Amino acid sequence: MRATSMGSGRMALDTGNTPDEFRDHPDWKDVVPSVTDAPTLGEGLRIARNHSGRSLAELSSITRVPARYLTALEQNDFSVLPNRVFSIGYVRAYAGALGLDEQLAVERFKRESPDPSVPLQPPVGVAFEEVRRYSPRLIAAGLALVLAVVGWNVFQRVSLMRAPQPSDIAAVPESWTLGAVPGQAQFMRLTAPRPAPPDQTVPALYITPGLEAELTGIDPASPEGLAAAAASAPPVQKAFNPRGAIYGAAASASQVVLQARKSAYLIVRMADGRVLFARQLAAGDAWRAPAGVAATVEVQDTSAFDVYLNGEHGGALEAVQTPLNQLNLRAQTLARQAAAAVAARTEAARTAAVQAQAQAQLQASTTVQNVVSGAVGG
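Everything numeric here is computed off the predicted structure, so don't read it as measured data.

We now examine the overall build of the chain. Broken down by element type, the chain carries 12 helices and nine strands. Counting only residues that meet the buried cut, the chain has 21% of its 378 residues in that class. Excluding contacts between residues fewer than 6 apart, the proportion of contacts in the chain whose partners are at least 24 apart in sequence is 60%. As displayed, the chain offers around 26,700 Å² of accessible surface, 60% of which is attributable to carbon and sulfur atoms.

Encoded structure:
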C-alpha cells in the first residue's frame, strides 16, 4: 500500500508530517522535498503543487484563496498579498492543501517576509553592557568638567581681589566736611518756584471761525452775549456718583435713585403690603427705583438719603414715607422741562444764525452797491 500511495503521485508529503517508523525504514525516500529544504518558500510550494498534479484553479477552489495570491506565493512576490494576517492564513491553507507542514510553512514565510510594522530591537543586554562599560569614564569626565569650571571661577575671583591700600589724599579739604563747594555758592541759592514750561508737543486747539456762533447762536468774541448765555443757563446740579453697591432696577429702566449719606435703613412697600426692598444701606450705597410701580418709600431719617432725578441731585427726602409715584412724576416733569429748554435754545440758536446770515447778506449787498456807485460816479 505504501508503494501504491507513493506511485500515485497525487499527494505531496512533507517530512514534518511523516511518522518516524516510515522514515527509519531502509527503503524510505522522500517523494517531495520538505518545505524547509527548498531554496525559497515559493519554490517549495510550486514543487509540491507539481507533484500533487493539481492546478492553481483547483487549489484555489479547495482553499478558497484567489489564484493570483497563490501565484504570488509561488513567485515570492509578497507585495501583492493583502495584510499580514490574511497572508499568513493563505500560506497555512495552501500548505495544508498540498499536505505540507503548515507551521513550518508559516514560520518560513515570516522569515522571508518580515513584518515592517514591528521596529527592529537591539539584542537584549547589549546596550546595558555598553552603558556599564563606559559609565565610569563618563562619570570621571563629568567630574573633571565640573572641577575645571569651579577652579576657573575661583581663580578669577582670587586674581581680582586686591589688598586694601591707604588713600593717596593727605588731608581732607575743609569744604568737604562743611558740605560746600568753592565757587558754587551763587548757583546754590533757592528762589521762588517758577511755572512749568508750556508743553510744546501738543498743538494749540484750532477753533473754526463762526462755528461756535453757528451751533449755539452766541458769538464767542462778544462779552455781552457770553454773559447773557451764562445768566439764562440753568444751574448745574450735582450728578449721581456711585460710591458703593447699587440695588434695584437697571440704570436704563430707572429715573429715581436714592443714595445713602450714612448707614440707614430703606424699606420699600408695595400697595398690598408686600416688601419690595428692605436693607440697611451703607454710606454710598444706592437703590434705583423702578418706573411704573406703586410703592411707598419708608426711611427712619430723611436727611440720610439724597434723591437723584434723571441723574441730577434733587435734594433730600421730604418725609419719612414718600410715595414712589411722586418721585417718578417729578423726574418725568424735570425731563420734559429739560427737553423743552434744549429745544428752545436750539430754535433760538437757529433763528439767531438765520438772522446773522441775512444781516451778512444785506451788508454784503450794500457794500457791493456802494462800490458800484463809487465806480459809476468816478
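Inspection of every chain in the model, using the stated rule, returns eight salt bridges. For Asp-306, the salt bridge identified is with Arg-261, shortest N-O distance 2.6 Å. Note that Asp-306 is positioned in strand S7 (residues 305-309) and Arg-261 in the loop between strand S2 (256-260) and strand S3 (264-270), a separation of 45 residues in sequence.

Here we come to the sheet that holds strand S9 (residues 321-323). The strands making up a sheet associate through hydrogen bonds between their backbones, and the pairing can be parallel or antiparallel. Strand order in the open sheet formed by four strands is S4-S3-S6-S9, with antiparallel pairing between adjacent strands. Strands with a single pairing partner mark the edges of an open sheet, and in this sheet they are strand S4 (275-281) and S9. Strand-to-strand twist in this sheet, taken as the mean axis angle between neighbours without regard to direction, amounts to 15°. Taken together, the five bridges between S3 and strand S6 (residues 295-299) define a ladder with antiparallel strand orientation. What sits directly across from Val-268, in S6, is Val-297.

What follows concerns helix H3 (residues 41-52). Between its first and last C-alpha atoms H3 spans 17 Å; for 12 residues at 1.5 Å apiece the expected length is 16 Å, and the two agree. Among the residues of H3, those classed as buried are Leu-41, Gly-42, Gly-44, Leu-45, Ala-48, Arg-49 and Ser-52. With its buried residues spanning 160° around the axis, H3 presents them on a single face. Where H3 is buried, its residues contact helix H4 (56-63), helix H5 (67-74), helix H6 (84-97) and helix H7 (102-112). Gly-53 sits one or two residues past H3 and shows a positive phi near 75°.

Its identity is not glycine, yet Asn-76 carries a phi of approximately 55°, on the positive side. Along the chain, Asn-76 falls in the loop between H5 and H6. In the Ramachandran plot, Asn-310 falls in the positive-phi region, its phi being about 60° despite a non-glycine side chain. You can see Asn-310 is positioned in the loop between S7 and strand S8 (312-316). Among the residues examined, Asn-310 registers a relative accessible area of 36% and is labelled partly exposed.

Okay, the packing of aromatic side chains next. A full pass over the atoms with the stated rule returns six aromatic pairs. Note on Trp-152 and Phe-155: the rings are 6.1 Å apart at their centroids and 35° apart in plane angle, and the pair reads as tilted. Here Trp-152 pairs with Phe-155, and both are found in helix H8 (residues 126-160), just three residues apart, close to one helical turn. Note on Trp-152: relative accessible area 53%, which makes it exposed. One aromatic cluster is present, built from ring pairs that chain together Tyr-247, Phe-277 and Trp-287. The lysine or arginine in question, Arg-68, covers the ring of Tyr-69, its NZ or CZ lying 4.6 Å from the ring centre.

Before going further, it helps to examine the confidence of the model for the chain. Averaged over the chain, the pLDDT score is 77; the fraction of residues at 70 or greater is 75%. A low-confidence stretch, residues 1-17 stays under pLDDT 50, and its non-local contacts, those more than four residues away or across chains, total 34 contacts.

Our next topic: the side chain of Thr-63. As for its placement among the helices and strands, Thr-63 is situated in helix H4. The class for Thr-63 is buried, based on a relative accessible area of 14%. In this structure the side chain of Thr-63 is engaged in a polar contact, spanning 2.7 Å, whose partner is the backbone oxygen of Leu-59. Contacts of Thr-63, omitting those with residues within four sequence positions, involve Leu-70, Ala-93, Tyr-94 and Ala-97.

So, on to the environment of Arg-288. Tracing the backbone shows Arg-288 in strand S5 (residues 286-289). Leave out the neighbours within four places in its chain, and Arg-288 touches Ile-246, Tyr-247, Gly-248, Ala-249, Ala-250, Ala-251, Ser-254, Val-256 and Val-257.

You can see Glu-298 is positioned in strand S6. Separated by 3.2 Å, the side chains of Glu-298 and Arg-269 make a polar contact. Not counting residues within four places of it along the chain, the set of residues in contact with Glu-298 comprises Tyr-265, Leu-266, Ile-267, Arg-269, Val-320 and Gln-321.

Read across the sheet, five strands follow the order S1-S5-S2-S7-S8 without closing on themselves; strand pairing throughout is mixed. Looking along the sheet, the strands with just one partner apiece sit at the ends: strand S1 (246-248) and S8. Pairwise comparison of adjacent strand axes, ignoring direction, gives a mean angle of 30° for this sheet.

Calculation criteria
- Residues numbered from 1 in each chain as written.
- Predicted model: local features only at pLDDT ≥ 70, side-chain atom pairs only at ≥ 80, totals over all residues.
- Heavy atoms only, no water.
- Helix = DSSP H or I, 4+ residues; strand = E, 2+ residues; numbered from the N terminus.
- Buried < 20%, exposed > 50% of the residue type's maximum accessible area, 1.4 Å probe, protein only.
- Contact = heavy atoms within 4.5 Å.
- Areas by Shrake-Rupley, 256 points an atom, 1.4 Å probe, with all protein chains shown as cover.
- Salt bridge = Lys/Arg side-chain N within 4 Å of Asp/Glu carboxyl O.
- Pairing = 2+ DSSP bridges.
- Axes fitted to C-alpha atoms, helices over the stretch in contact; angles between N-to-C directions.
- Expected span 1.5 Å × (residues − 1).
- Arc of directions from axis to C-beta.
- Phe/Tyr/Trp six-rings, centres within 6.5 Å; stacked < 30°, edge-to-face > 60°.
- Lys NZ or Arg CZ within 6 Å of the ring centre and 35° of its normal.
- pLDDT = per-residue confidence, 0-100.
- Polar contact = N/O pair within 3.5 Å; in protein donor to acceptor, adjacent residues only side chain to side chain.

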